[in-house]
Amino acid sequence: MLSSEQTPLSLVVLISGRGSNLQAILDAISEEGLPARVEAVISNVPDAQGLLRAKKAGIPTAVKDHRKWPQRELYDQQLIKVIDHYAPGLVVLAGFMRILTPQFVAHYSGRLINIHPSLLPAYRGLNTHARVLEAGETHHGASVHFVTAELDSGPVIHQDSVAINREETAATLQHRIHRLEHKIYPQAIRWLAEGRVELVEGKVVVDHRPTANT
Ligand code: GRF
């Protein structure tokens, strides 16, 4: 179990860009009683907009510029050092645009989550909105999942979908999916903080019952 019901779950959030999911998590903590606390926000991009959001909220920030450690293993080791300084109960990837080493993933097994803009296992990887439209899908969505060594492949904790309109463009779809993400990410973190969701032997367990989608 990640946390008791009384103690806020301590989070470290990793970002690379805009940080709108980070903002949604911060808002859910301050406005909706999400029982979590963001201990630090770490970015691999020095001028990521999300760092300003963290500073505004009075949260410590750190930049680990990946260009300074071209070797992926060494970079991830540096990252682990910074993250572990805050001893988080959960590491939250929120638009962190890096492929993580198996060592990093194993280090945080069961307490590393990501949000991906598709209904996983469909549409792993990048440019999901355009690809979904191109394929003529009727629905698109977002998924929160535990991170495993394989990209965008870990067991799903939560997902939600929207119906695709006839006039939809990749931009409108992206906007709608972002709004969905801002709901499901804080919701999934709430379940984890309340100890309702766990990763047990590679499967998501909700309220002590395995879910169908893992
Ligand atoms: C989101 O679309 C998320 O699904 C993906 O990266 C994007 C991050 O957006 N992993 P933001 O930085 O939270 O605004």
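The following paragraphs examine the structure supplied in this document. Only a predicted model underlies this, so the values are computations on that prediction, with no experimental measurement involved.

### Thoughts on the sheet that holds strand 6 (residues 139-146)
Ordered by their spatial adjacency, 7 strands build an open sheet running 3-2-1-4-5-6-7, and the pairing between neighbours is mixed. Unpaired on one side and paired on the other, strand 3 (61-63) and strand 7 (156-163) mark the two borders of the sheet. Going from strand to strand, the sheet's axes swing by 20° on average, the running direction of each strand aside. Bridging between strand 6 and strand 7 involves 7 bridges; their strand directions are antiparallel. Its bridge partner lying in strand 7, A142 is registered against D160. Running over the sheet, helix 2 (residues 49-56) touches strand 1 (9-15), strand 2 (36-43) and strand 3 and is turned about 155° from strand 3.

### Digging into the pattern of salt bridges
Counted under the stated rule, the structure contains 5 salt bridges. Among the salt bridges present, the one from R37 reaches E39, with a minimum N-O distance of 2.7 Å. Judged by its relative accessible area of 43%, R37 falls in the partly exposed class. The salt bridge involving E194 is made with R190; its shortest N-O contact spans 3.9 Å. The exposure class of E194 is partly exposed, given its relative accessible area of 26%. Assessed through its relative accessible area of 22%, R190 is described here as partly exposed.

### A word on the site of the ligand
Taken together, R18, G19, S20, N21, G95, I115, H116, P117, H178 and E181 make up the full set of residues adjacent to the ligand. In this structure, an oxygen atom belonging to the ligand sits 2.5 Å away from a side-chain N or O atom of S20. At a separation of 2.8 Å, an oxygen atom of the ligand approaches a polar side-chain atom of E181. Coverage of the ligand by the protein amounts to 85% of the 370 Å² it exposes when considered alone. For the shell around the ligand, the secondary-structure elements that each account for two or more residues are helix 1 (20-32), strand 5 (112-116) and helix 6 (170-193). Looking at side-chain class alone, the shell around the ligand contains 2 nonpolar, 6 polar and 2 charged residues.

Rules and cut-offs
- Residues numbered from 1 in each chain as written.
- Predicted model: local features only at pLDDT ≥ 70, side-chain atom pairs only at ≥ 80, totals over all residues.
- Heavy atoms only, no water.
- Pairing = 2+ DSSP bridges.
- Helix = DSSP H or I, 4+ residues; strand = E, 2+ residues; numbered from the N terminus.
- Axes fitted to C-alpha atoms, helices over the stretch in contact; angles between N-to-C directions.
- Contact = heavy atoms within 4.5 Å.
- Salt bridge = Lys/Arg side-chain N within 4 Å of Asp/Glu carboxyl O.
- Buried < 20%, exposed > 50% of the residue type's maximum accessible area, 1.4 Å probe, protein only.
- Near = heavy atom within 4 Å.
- Polar contact = N/O pair within 3.5 Å; in protein donor to acceptor, adjacent residues only side chain to side chain.
- Areas by Shrake-Rupley, 256 points an atom, 1.4 Å probe, with all protein chains shown as cover.
- Nonpolar A, V, L, I, M, F, W, Y, C, P; charged D, E, K, R; others polar.

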